[in-house]
Amino acid sequence: MKIIYSRGFPYGAPLAMIRGGATRDPDVKAAIKAAGFRYDGSKHAFTHYLYGDAFAEVLCSLRDGFGVEVLPKGGLDPNYILDL
């Protein structure tokens, strides 16, 4: 099971996005929603406005709690890649 994450700053806001096959697992999906993420159909991802440190905590909890592989989106700006 994999989670692909991406980050950006549209309009100056710290947007965090999660997608991937692991989001289909009911337990993982519940944990993502409990962290405040909501599904955005236009982006095909779970989105939330978080800065890097808080986003890294969520990703680490998913990795450690559910054993999912957490990867950055291909082509993501190296400045936005999190050190997990």
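Residues numbered from 1 in each chain as written. Predicted model: local features only at pLDDT ≥ 70, side-chain atom pairs only at ≥ 80, totals over all residues. Heavy atoms only, no water.

Trainee: Which residues make up the nonpolar core, and what are the values?
Mentor: Grouped together as the largest cluster of nonpolar side chains are 19 residues, with contacts concentrated most on Ile3, Ile18, Phe37, Phe55, Leu59 and Leu62. Of all elements in the fold, only β1 (2-8), β2 (15-19), α1 (26-34) and α2 (52-66) reach the threshold of two or more residues within this core. The biggest single contributor to this core is α2, with five residues. Those residues in contact with Phe55 that lie beyond four places of it in its chain are Tyr5, Ser6, Arg7, Ala16, Met17, Ile18, Phe37, Leu50 and Leu82. (Core = buried A, V, L, I, M, F, W, Y, C linked by side-chain atoms within 4.5 Å. Buried < 20%, exposed > 50% of the residue type's maximum accessible area, 1.4 Å probe, protein only. Helix = DSSP H or I, 4+ residues; strand = E, 2+ residues; numbered from the N terminus. Contact = heavy atoms within 4.5 Å.)

Trainee: Describe the packing of aromatic side chains, naming the residues involved and giving the relevant values.
Mentor: In the structure shown here, the tally under the stated rule is four aromatic pairs. A ring pair is formed by Tyr5 and Phe55, whose centres lie 5.8 Å apart and whose planes are at 85°; its orientation type is edge-to-face. Remark: Phe55 occurs in helix α2 and Tyr5 occurs in strand β1; sequence separation between them is 50 residues. Taking relative accessible area as the criterion, Tyr5 reaches 1% and is therefore assigned buried. (Phe/Tyr/Trp six-rings, centres within 6.5 Å; stacked < 30°, edge-to-face > 60°.)

Trainee: Describe the pattern of salt bridges, naming the residues involved and giving the relevant values.
Mentor: Tallied over the full model, the rule gives two salt bridges. Residues Lys43 and Asp40 are paired through a salt bridge, measuring 3.6 Å at the closest nitrogen-oxygen approach. Given a relative accessible area of 33%, Lys43 falls into the partly exposed group. Exposure remark for Asp40: the relative accessible area of 21% places this residue in the partly exposed category. Close ionic contact of Asp64 with Arg63 constitutes a salt bridge, the shortest N to O distance being 3.0 Å. Residue classification places Arg63 among the partly exposed positions, given a relative accessible area of 29%. (Salt bridge = Lys/Arg side-chain N within 4 Å of Asp/Glu carboxyl O.)

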